Amino acid sequence: MHATVFLSQVEQLEPAPVVVLQGEETYLKQAALKAILRRTLGNDDGELDGSRYPGSEVDFKTVRDELLTVSMFAAARVVVVEEAEEFVSQHRAALEEYLDRPARASVLVLDVKHWPKNTRLSKKLASAGREIECTELKGAPLQRWLGQELQTRAGKQLTRDAAALLMELVGTSLGLLSQELDKLAAYVGERSAITLEDVRAVVGGWQTETIWQMLDAVQDGRPAQTLEGLDQLLRAGEPPLKLLGGITFVFRKLAEATAHARTGVPLRTALEQAGVYRHQLEAAQRYLRRIGRPRAERILNLLAAANLNLKGGSRLSDQRQLEQLLLQLSGVTPLPSEL
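Residues numbered from 1 in each chain as written. Predicted model: local features only at pLDDT ≥ 70, side-chain atom pairs only at ≥ 80, totals over all residues. Heavy atoms only, no water.

Chemist: Help me understand the overall build of the protein chain, please; the structure alone is not making it clear to me.
Modeler: Tallying secondary structure elements over the protein chain gives 17 helices and seven strands in all. Along the three orthogonal principal directions, the C-alpha set of the protein chain runs to about 80 × 45 × 45 Å. The buried share of the protein chain, reckoned over its 339 residues, is 45%. Within the protein chain, contacts between residues separated by at least 24 positions form 72% of all contacts whose residues are at least 6 apart in sequence. By element, 49% of the accessible surface of the protein chain is carried by carbon and sulfur atoms, the whole surface being about 17500 Å². If you average the places of the 42 positive and of the 44 negative side-chain charges in the protein chain, the two averages end up 6 Å apart. (Helix = DSSP H or I, 4+ residues; strand = E, 2+ residues; numbered from the N terminus. Buried < 20%, exposed > 50% of the residue type's maximum accessible area, 1.4 Å probe, protein only. Contact = heavy atoms within 4.5 Å. Areas by Shrake-Rupley, 256 points an atom, 1.4 Å probe, with all protein chains shown as cover. Lys, Arg positive; Asp, Glu negative; His and termini not counted. Charge placed at Lys NZ, Arg CZ, Asp CG, Glu CD.)

Chemist: What is the right way to look at the packing of helix α11 (residues 223–235) against helix α17 (residues 318–330) in this model?
Modeler: Two quantities define a packed helix pair, namely the angle between the helix axes and the distance between the axes. Put simply, α11 and α17 touch, their axes get as near as 10 Å, and they point 150 degrees apart. Put simply, α11 runs roughly antiparallel to α17. Seen from above, α11 lies across α17 with right-handed handedness. Each of P223, T226, L227, L230, D231 and L234 in α11 lies in contact with α17, whose residues at this interface are Q319, L322, E323, L326 and L327. A breakdown of the residues in the contact of α11 with α17 according to their chemical character gives seven nonpolar, two polar and two charged. (Axes fitted to C-alpha atoms, helices over the stretch in contact; angles between N-to-C directions. Parallel < 35°, antiparallel > 145°, perpendicular 65-115°, else oblique. Left-handed = near helix turned anticlockwise from the far one by under 90°. Nonpolar A, V, L, I, M, F, W, Y, C, P; charged D, E, K, R; others polar.)

Chemist: I tried to follow the pattern of salt bridges on my own but got confused; where do I start?
Modeler: Oppositely charged side chains can pair when the atoms bearing their charge come close. Taken as a whole, this structure holds 22 salt bridges when the rule is applied. Two residues, K124 and D100, come together in a salt bridge whose shortest N-O distance is 2.8 Å. Placement of K124 in helix α6 (residues 120–128) and of D100 in helix α5 (residues 92–100) is noted, with a sequence separation of 24 residues between them. Bridged by salt links that share partners, the residues K61, R64 and D65 form one connected network. (Salt bridge = Lys/Arg side-chain N within 4 Å of Asp/Glu carboxyl O.)

Chemist: Explain unusual backbone geometry here, please?
Modeler: Glycine aside, residues mostly have negative phi angles, and peptide bonds mostly take the trans form. For E83, which is not glycine, the phi torsion reads 45 degrees and is therefore positive. With respect to the helices and strands, E83 occurs in the loop between β3 (78–82) and α4 (85–90).

Chemist: Before we go on, may I ask you to explain the pairing of β3 in this structure?
Modeler: Along a regular strand, successive side chains alternate from one face of the sheet to the other. With four of five residues buried, β3 is to be regarded as a mostly interior element. Pairing of β3 with strand β4 (residues 107–112), which is carried by four bridges, proceeds in the parallel orientation. Residue pairing in the sheet places V80 in a bridge with V109 of β4. (Pairing = 2+ DSSP bridges.)

Chemist: Before we go on, may I ask you to explain the nonpolar core in this structure?
Modeler: Counting 45 residues, the largest nonpolar core has L146 and L166 as its most contacted members. The leading source of residues in this core is helix α2 (residues 26–41), at seven residues. When sequence neighbours within four positions are dropped, the list of residues in contact with L146 reads L158, A163, L166, M167, L177 and L181. Among the nonpolar cores identified, the runner-up in size contains 36 residues, and I247, L254, L267 and L326 belong to it. (Core = buried A, V, L, I, M, F, W, Y, C linked by side-chain atoms within 4.5 Å.)

Chemist: Got a minute to help me understand the packing of helix α16 (residues 299–313) against α17 in this structure?
Modeler: Contact geometry of α16 with α17 gives a least axis separation of 10 Å together with a crossing angle of 180 degrees. Here α16 is positioned roughly antiparallel relative to α17, judged by the angle of their axes. Two secondary-structure elements touch here, α16 through I299, L302, L303, A306, N309 and L310 and α17 through D318, Q321, L322, L325, Q328 and L329.

Chemist: Looking at this structure, I do not really get the environment of T152. What am I missing?
Modeler: Relative to the helices and strands, T152 is located in helix α7 (residues 139–154). Separated by 94 residues in sequence, T152 and G246 place their C-alpha atoms 31 Å apart.

Chemist: Looking at this model, I keep getting lost on the packing of aromatic side chains. Mind explaining?
Modeler: To describe a pair of aromatic rings, you give the distance between the ring centres and the angle between the ring planes. Applying the stated criterion to the full structure yields five aromatic pairs. Plain terms: the ring middles of W212 and Y277 are 5.9 Å apart, the flat faces sit at 35 degrees to each other, and that makes the pair tilted. One end of the pair, W212, is in helix α10 (residues 196–220); the other, Y277, is in the loop between α13 (267–273) and α14 (281–291), and 65 residues separate them in sequence. Of the aromatic side chains, those joined through ring pairs into one cluster are F60, F87 and Y98. Positioned over the ring face of Y277 is K253, at 4.7 Å from the centre of the ring. (Phe/Tyr/Trp six-rings, centres within 6.5 Å; stacked < 30°, edge-to-face > 60°. Lys NZ or Arg CZ within 6 Å of the ring centre and 35° of its normal.)

Chemist: What's the story with the environment of V112 in this structure? I'm lost.
Modeler: Note on placement: V112 falls in strand β4. V112 gets classed as buried once you look at its relative accessible area, which sits at 2%. With 88 residues separating them in the primary sequence, V112 and E24 have C-alpha atoms 8.2 Å apart. The contacts of V112, once residues within four sequence positions are left out, are V20, L21, Q22, G23, K29, A84 and E85.

Okay, structure coming up:
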């Protein structure tokens, strides 16, 4: 069971005497552990009836005695073994035996990065305990998590484009994404939805906003504004390869859409399938029609050549290389004869 499923169903699930938190997503492990503490002890920290031990130092007897001890404040305990791989390896037989006759109300939590599925212990856990996968979320599952998390926390909606840009800017770290959701909820105030413009303003800052304006100018065929934006970003210390990454993120989608359209797919549909934000579909169609299919079909080659040149393949300055690329993409300068 993935942690996101566990967290959404924790109140309906039967308590398990042994829980394995498996994976490397710390945010999900912390959230799952809080849910276990709350369900078992009635609080989030477990200071009164919970114990934590490093897996490389604790023995099984100590853990078992803790699980079987009833305090004056509660009839249950939660014992967490952190980085428990070594503990599991050394006490596998004892854990198997414990799963046959676990403490009635207490919970043993084993925090591991990996949990092999083909062991006898794993099979016993499947029938008598619970494994919770605390693994990285990507793509659509991550986007769903963002929307659900924001709705739960602040009662607000996150538009699809806003979620996509948030993932692009922040990455897949749920801890960092969680912080940004709180900032966004505070920023929009009483508004019920967080939009792409909100993400650009709050998460990206002026640098991201300037990059978007620069790339809008490229697509509109406004070379002066394009070069002005590039100069501003470079003067502010933005790394050229990072800027190329942003350029590539936008124009690779347009190149993919061009390739799809060649197979007979309508251009708008091809752009949607390539992941172009909905509010940018009209501008993207105008851009591709303006520069024409021959130039559009060379976008990927232009991006690849720029990447190679910025990594030492050209004697031109980084700024001059990026200027050439942006002007070629905009359609206002000729393409090199060979790429």
